[in-house]
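Here are the chains, one letter per residue:
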Amino acid sequence: KEKAESEIYFWILYVTTMSQPLVSVIIPTYNSEKTLPLCLESIKRQTYKNIEVIVVDNFSIDRTVDIAKRYGVQVHVRGPERSAQKNYGALNARGELVYFIDSDFVLHSKVIEECVQLVKRGYDAIIVLNVSYPKTSLIAKIRFYERLSYYGSDIYEAARFMKRSLFMKVGGFDEKLYANEDYDLHQRLLKIGARIARTKRSFEIHIGEPKSAKEFIVRSIYYGSGIKYYVRKNPNIMHITPIRLTFFKREYLAYVGRKWLPGLILVPLFKIVQAIATQIGMLLKLKISPYHSFKKRGILHKDA
């Protein structure tokens, strides 16, 4: 009797799972051994189970690929930057729905479940609330409060969970971009009239914020070298101005004033410093990422 009940439960679970749309979670990586296990564990804990995970690695020289394979996920090796990696992952995805996350994201257990529910209600793409883990550094804490201001702004948000057919229709990520590529994709979704919703009960936590001022400035300079093309393509002054209207929303000011009063000064100051570093990057036009050298590794396009 117990065996029969067990088999019945298994088939009920199997049929229920398979009747749900497959979600392909696509993760670009490079030397991500410190954060990838946390990311993959958070995917394993999702309440929604019909998921495939695709890691597209940019020729890591650490244990990233070994870790991904140990978790039994699909692994490819591809460069030269994350937009190309994500597009390649989407081309190899079997899912009706795709979800693009970074390797330093930890997901709330019901993120995918809530996104699928919203798609079933008629939405084409979903913006997932994204916050920074505030306890690793002062910069991370500043970023936590900065990101909170963006929720519901319709300006500093981008959908990364969407129907795969829609992603293909708009041409995927622009592979010339390695900064603000998600904003660029979002603008194209809006232009074709995609119905876009936001999560309200679940979120992503970004655990990879810079731990020092030096790391923060180096990143900003590097990404700044790619911003010039983005600005020409999307001439929206709101995306590049350091002093943002979201910092002055009444409810936001009240919340930061109660929780962390210095943030009222540090958040806009942080954005000003970032804007200066970005301008330097635009002038320098860096071609090589500060995190790795393409020449030293002799990149060839291949799959693992």
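Residues numbered from 1 in each chain as written. Predicted model: local features only at pLDDT ≥ 70, side-chain atom pairs only at ≥ 80, totals over all residues. Heavy atoms only, no water.

Student: Give a detailed account of helix α2 (residues 36-44), specifying residues and quantitative values.
Tutor: Every buried residue of α2 is listed here: Leu36, Pro37, Cys39, Leu40, Ser42 and Ile43. On the buried face of α2, the contacting elements are β1 (23-29), β2 (51-57), α3 (64-70) and β5 (105-107). (Buried < 20%, exposed > 50% of the residue type's maximum accessible area, 1.4 Å probe, protein only. Helix = DSSP H or I, 4+ residues; strand = E, 2+ residues; numbered from the N terminus. Contact = heavy atoms within 4.5 Å.)

Student: Provide a residue-level description of the environment of Glu96, including the pertinent values.
Tutor: By the element assignment, Glu96 lies in the loop between α4 (82-91) and β4 (97-100). Look at Glu96 and you get exposed, because its relative accessible area is 52%. C-alpha separation for the pair Glu96 and Arg164, spaced 68 residues apart in sequence, amounts to 5.6 Å. Contact partners of Glu96, with chain neighbours within four places excluded, come to Pro21, Leu22, Met162, Lys163 and Arg164.

Student: Before we move on, could you go through the pairing of β1 and cite the residues and values that matter?
Tutor: A regular strand carries its side chains on alternate faces of the sheet. With seven of seven residues buried, β1 lies mostly within the body of the structure. A two-sided burial pattern is seen for β1, the buried positions comprising Val23, Val25, Ile27 and Thr29 on one face and Ser24, Ile26 and Pro28 on the other. Judged from the seven bridges that link them, β1 and β2 form a sheet pairing that is parallel. Paired with Thr29 across the two strands is Asp57, which belongs to β2. Once you follow β1 into α2 and on to β2, the crossover reads as right-handed. (Pairing = 2+ DSSP bridges. Right-handed = clockwise from strand over helix to strand, strands pointing away.)

Student: Can you lay out the nonpolar core for me, pointing to particular residues and giving the numbers?
Tutor: Val23, Ile27, Ile43, Tyr99, Ile101, Ile112 and Phe161 are the most contacted members of the largest nonpolar core, which has 31 residues in total. At the level of secondary structure, the elements contributing two or more residues to this core comprise β1, α2, β2, α3, β4, β5, α5 (111-120) and β6 (125-132). Sorting elements by how many residues they give to this core places α5 first, with six residues. Contacts of Val23, omitting those with residues within four sequence positions, involve Tyr48, Asn50, Ile51, Glu52, Leu97, Tyr99, Ile112, Val116 and Phe161. (Core = buried A, V, L, I, M, F, W, Y, C linked by side-chain atoms within 4.5 Å.)

Student: An account of the packing of helix α6 (residues 138-150) against helix α10 (residues 250-259) is needed here, citing residue identities and associated values.
Tutor: Close contact between α6 and α10 brings their axes to 10 Å; oriented N to C, the two are set at 160°. Here α10 runs roughly antiparallel to α6, going by the angle between their axes. α6 and α10 meet at a crossing whose hand is right-handed. Two secondary-structure elements touch here, α6 through Tyr145, Glu146, Leu148 and Ser149 and α10 through Tyr252, Tyr255, Val256 and Lys259. (Axes fitted to C-alpha atoms, helices over the stretch in contact; angles between N-to-C directions. Parallel < 35°, antiparallel > 145°, perpendicular 65-115°, else oblique. Left-handed = near helix turned anticlockwise from the far one by under 90°.)

Student: Which residues make up the confidence of the model for the chain, and what are the values?
Tutor: When pLDDT is averaged along the chain, the result is 89; 88% of the residues meet or exceed 70. When the criterion is pLDDT under 50, residues 292-304 qualifies, and its contacts beyond four places in sequence or with other chains add up to 30 contacts. (pLDDT = per-residue confidence, 0-100.)

Student: Got a sec to walk through the pattern of salt bridges? Specific residues and values, please.
Tutor: Close approach of charged atoms lets side chains of opposite charge pair. Scanning the entire structure with this criterion turns up 16 salt bridges. Here Glu146 and Arg143 are joined by a salt bridge, their closest N and O atoms 3.0 Å apart. Remark: Arg143 and Glu146 occur in helix α6; sequence separation between them is three residues, near one turn of the helix. When its relative accessible area of 0% is taken as the criterion, Glu146 is described as buried. On the basis of relative accessible area, Arg143 is assigned to the buried category, the value being 14%. With its nearest N and O atoms 3.2 Å apart, the salt bridge here joins Arg147 to Glu209. Residue Arg147 is located in helix α6, and its partner Glu209 is located in the loop between β8 (196-206) and α9 (213-233); the two are separated by 62 residues in the primary sequence. Arg147 gets classed as buried once you look at its relative accessible area, which sits at 17%. (Salt bridge = Lys/Arg side-chain N within 4 Å of Asp/Glu carboxyl O.)

Student: Could you give an account of the packing of aromatic side chains, with specific residues and numbers?
Tutor: Counting across every chain of the model gives 13 aromatic pairs. Aromatic pair Phe100 and Phe167: ring centres 4.9 Å apart, planes at 40°, arrangement tilted. In this pair, Phe100 is assigned in strand β4 and Phe167 in helix α7 (residues 164-169), connecting sequence segments 67 residues apart. Phe167 carries the same exposure label as Phe100, and that label is buried. Residues Tyr150 and Phe247 carry aromatic rings whose centres are separated by 6.4 Å and whose planes lie at 25° to one another, so their mutual orientation is stacked. (Phe/Tyr/Trp six-rings, centres within 6.5 Å; stacked < 30°, edge-to-face > 60°.)

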